[in-house]
Amino acid sequence: MLYGYVTHPASLRHEMGPDHPEAPARVNVIHDYLLAHGILDFMVPMSGPAATRAQVERTHSALYVAELAATAPTTGYRRIDPDTLMSPHTLDAAWHAAGCAVLATELVARGKLASAFCNIRPAGHHATRDAAMGFCFFNNVAVGVRHALDELGLQRVALIDFDAHHGNGTQDIFAEDERVLMVSTFERGLYPYDTDAADGGNMCNVPLEPYTRGDALRDAVLTRWVPALDGFAPEMIFVSAGFDAHREDDMSHLLWTDADYAWLTRQLVAVANRHARGRIVSLLEGGYHRLALARSAGAHVRALIGAD
Ligand SMILES: [Zn+2]
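Residues numbered from 1 in each chain as written. Predicted model: local features only at pLDDT ≥ 70, side-chain atom pairs only at ≥ 80, totals over all residues. Heavy atoms only, no water.

A. Structural view of the packing of aromatic side chains. Under the defined criterion, the tally for this structure stands at seven aromatic pairs. Relative to Y288, the ring of F135 lies with its centre 5.8 Å away and its plane at 80°, an arrangement referred to as edge-to-face. Placement of the pair is F135 in the loop between β5 (115–118) and α5 (140–151) and Y288 in the loop between β10 (280–284) and α9 (290–304), with a sequence separation of 153 residues. Of the two residues, F135 and Y288, neither departs from the other in class, the shared state being buried. A connected cluster of aromatic rings, assembled from ring pairs, spans F162, F243, W256 and Y261. (Phe/Tyr/Trp six-rings, centres within 6.5 Å; stacked < 30°, edge-to-face > 60°. Helix = DSSP H or I, 4+ residues; strand = E, 2+ residues; numbered from the N terminus. Buried < 20%, exposed > 50% of the residue type's maximum accessible area, 1.4 Å probe, protein only.)

Structure (structure tokens):
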């Protein structure tokens, strides 16, 4: 079995200021952990190309893509919202992050890889069809899902989002697209403040109360996610893998541990084995406490490739 580890050096050049929590070091600490713990020995390292305009415009409007290009700074920063800034290297990183998603999708869907993890920045799940927000520019997971559906001919794809923040952008893009089932947990009341988001149809949103531990997550997974996923029987699974629900990460008030990420991932692997020939593409979203990020992403990837 071959497992993909997909990244690109452009992920390290995008930055939003010296004190910004969404920093290039996030990618490095995950890489170093996977390397130091022998996990990368089981994986095929790959460099993702830049996505094509057509691949990105399946998810984002042509007007939005053109506006981003036209307003990208050549020096300094352009502030999109209080926390989201474009530097001269941001767009290159965004095109490659989306391209990593496409490459991983292509190889996993065609059976060349059993599954893949994309260690990429900028993240994507807050980016809507027409807007950047919340550290996100292109919705990488959505670009991958649309590639699977529109280019590779898959008919049912599940998208799991376990970041502490709701993937409002992903929901915006796939609401009422019956080819996609989105299941998610997130902290109620946290950014982007839509955490009573619609639950029903192709959206299975399970808000978790602040200060709850992994047992609340496990209950949500077993009583809500797994029945919905088994009913849908996805042909492939995508994961918006954010690690900011970790108890050491102060970007949320959830209290998950490394072991919760391992358990959660094993549940997803079991669903993928039942319905999707094991095919999973996982993409980095949030996670800001660097040691906790490295350990919990390590636990996730180890379970993803069956090495735990
Ligand atoms: Zn987050």
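B. Spotlight on the coordination of the zinc ion. Within the protein, the atoms that donate to the zinc ion are D163 (OD), H165 (ND1) and D244 (OD), at distances of 1.9 to 2.1 Å. Ordering the donors of the zinc ion by residue number gives the pattern D-x1-H-x78-D. With H165 in the loop between β6 (157–161) and α6 (168–174) and D244 in the loop between β9 (236–241) and α8 (258–275), the pair connects residues that are 79 residues apart, well separated along the chain. (Donors = N, O, S within 2.8 Å, 3.2 Å for Na, K, Ca; no water.)

C. How the structure looks around the side chain of T170. Along the polypeptide, T170 turns up in helix α6. Here T170 falls in the buried class, since its relative accessible area comes to 0%. The contact partners of T170, leaving out residues within four places of it in the chain, are H125, A127, N139, V141, L159 and M182. (Contact = heavy atoms within 4.5 Å.)

D. Main features of unusual backbone geometry. Cis geometry marks the peptide bond from R121 to P122, where omega comes out at -10°. On the secondary structure map, P122 appears in the loop between β5 and α5. At E176, a position not held by glycine, the phi torsion is positive, near 70°. For E176, the location among the structural elements is in the loop between α6 and β7 (180–187). Exposure remark for E176: the relative accessible area of 70% places this residue in the exposed category. Despite not being glycine, A233 shows a phi value in the positive range, around 50°. With respect to the helices and strands, A233 occurs in the loop between α7 (214–232) and β9. Judged by relative accessible area, which is 23%, A233 ranks as partly exposed.

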